[in-house]
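The chain contents come next:
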Amino acid sequence: MNSRKNEKPILINPAKRMVMQKGALSALLVTGSDKVESGFGNGDCLLLDFSRLIFAVSDGSERYTQASRILLERFAGVLSERDMSPADIPVLKKCIEAIYGGQKYTHTCTFSCVAFFKNRKEVIASISSGGDSMVIVADSSDGSIIFKTIPDMNFAGRSKNVPGISTFTLKDRKIRVVIATDGFAEVLNQMGKQKQGKLPKWLFNGPACGITGKVYGKIKRNKLDYDDIGMMVIDPFDISREDKSILIGGTSPHQEAQVLLAEQGSTD
């Protein structure tokens, strides 16, 4: 009889566009509050490659919301072609160069990515970010921000400057990693004044797998006005490899209308 003690199931809620890995990760995609009326798609897109422990977000412009999905689909493709390990930084760099080089000028979007490589007592996190999406490394005990990417003009499709890769060795098990589009920061500001250098403590209360559910609940209860939100909260020490890769978002107006119709139907 095979032991399945170390298995960490991945749960997907299509109606709420949420993904969870037990104890380790939660991801959320929310469509902007005015998108149904304005006829736009959802420009935010999430890639969760559990087989390689590589996670990314992208935010496409309202002119072409599918740009983010095109970029992350290409990223997933070049990763599979090279069969890379997250510890292979030169290969990761070439993958990012490839997707930036192949993105059309009219398909402008952001790109933020983290690749995790786990050792026995530590985790190596390789971080790359272009545009105004973000990667945040924070202390879950008090919300203190240890590292945050700086917004720049290195948007895929527009910039010839491919974002570099910063590598960190994580040893403190209280560390959490947040990958998000700018809509995440905007909605946090609406929920309450943020202390400089900190994320709100409630964002880290409980296992990482339950956090985006809290964000979703607060958004709906407070009836906020918000842009598209794409986000993940990851416990780098508990994240587990599984043979699964998930891509969510980057929808056209027609696709988004169908998704929102299904979401409304699930709540009736």
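Quick caveat, the model's predicted, so the values are computed rather than measured.

**A closer look at the overall build of the chain**
The helix and strand tally for the chain stands at six helices and 13 strands. Expressed as a percentage of the 268 residues in the chain, the buried residues total 50%. Partitioning the intrachain contacts of the chain with sequence separation of at least 6 by distance along the chain shows that 71% fall at a separation of at least 24. Accessible surface, the chain: about 12800 Å² in total, of which carbon and sulfur atoms supply 50%.

**Comments concerning helix H3 (residues 89–102)**
Look at H3: 20 Å from first C-alpha to last across 14 residues, which is about the 20 Å you get at 1.5 Å a residue. For H3, the set of buried residues is Val91, Leu92, Cys95, Ile96, Ile99 and Tyr100.

**A short note on the pattern of salt bridges**
Scanning the model with the defined rule gives five salt bridges in all. The salt bridge involving Glu73 is made with Arg69; its shortest N-O contact spans 3.4 Å. Of the two residues, Glu73 and Arg69 both sit in helix H2 (residues 67–82), four residues apart, roughly one turn of that helix. A residue is classified by how much of its surface remains accessible, and Glu73, at 44% relative accessible area, is partly exposed. The class of Arg69 is partly exposed, set by a relative accessible area of 25%.

**So, the nonpolar core**
Among the nonpolar cores identified, the biggest contains 29 residues, and Leu48, Phe55, Phe116, Ile179 and Met232 are the most heavily contacted of them. By size, the runner-up hydrophobic cluster in this structure holds 24 residues, among which are Met18, Ala138, Ile219 and Leu224.

**Remarks on helix H4 (residues 182–191)**
Side chains three or four residues apart in an α-helix point the same way, a direct result of the helix having 3.6 residues per turn. Within H4, the full set of buried residues consists of Asp182, Gly183, Phe184, Val187 and Leu188. Elements in contact with the buried residues of H4: strand S5 (54–59), strand S8 (134–139), strand S11 (175–180), helix H5 (211–222) and strand S12 (229–234). Phi for Gly192, located one or two positions after H4, is positive at around 160 degrees.

**With respect to the packing of H2 against H3**
One can describe the packing of H2 onto H3 by two numbers: an axis separation of 9 Å at closest approach and a directional angle of 140 degrees. Relative to H3, H2 is oriented oblique. Note on packing geometry: the crossing formed by H2 with H3 is right-handed. On H3, the residues touching Leu71, Arg74, Phe75, Val78, Leu79 and Arg82 of H2 are Val91, Leu92, Lys94, Cys95, Ile96, Ala98, Ile99 and Gly102. By residue class, the composition of the contact of H2 with H3 is 10 nonpolar, one polar and three charged.

The rules behind each value
Residues numbered from 1 in each chain as written. Predicted model: local features only at pLDDT ≥ 70, side-chain atom pairs only at ≥ 80, totals over all residues. Heavy atoms only, no water. Helix = DSSP H or I, 4+ residues; strand = E, 2+ residues; numbered from the N terminus. Buried < 20%, exposed > 50% of the residue type's maximum accessible area, 1.4 Å probe, protein only. Contact = heavy atoms within 4.5 Å. Areas by Shrake-Rupley, 256 points an atom, 1.4 Å probe, with all protein chains shown as cover. Expected span 1.5 Å × (residues − 1). Salt bridge = Lys/Arg side-chain N within 4 Å of Asp/Glu carboxyl O. Core = buried A, V, L, I, M, F, W, Y, C linked by side-chain atoms within 4.5 Å. Axes fitted to C-alpha atoms, helices over the stretch in contact; angles between N-to-C directions. Parallel < 35°, antiparallel > 145°, perpendicular 65-115°, else oblique. Left-handed = near helix turned anticlockwise from the far one by under 90°. Nonpolar A, V, L, I, M, F, W, Y, C, P; charged D, E, K, R; others polar.

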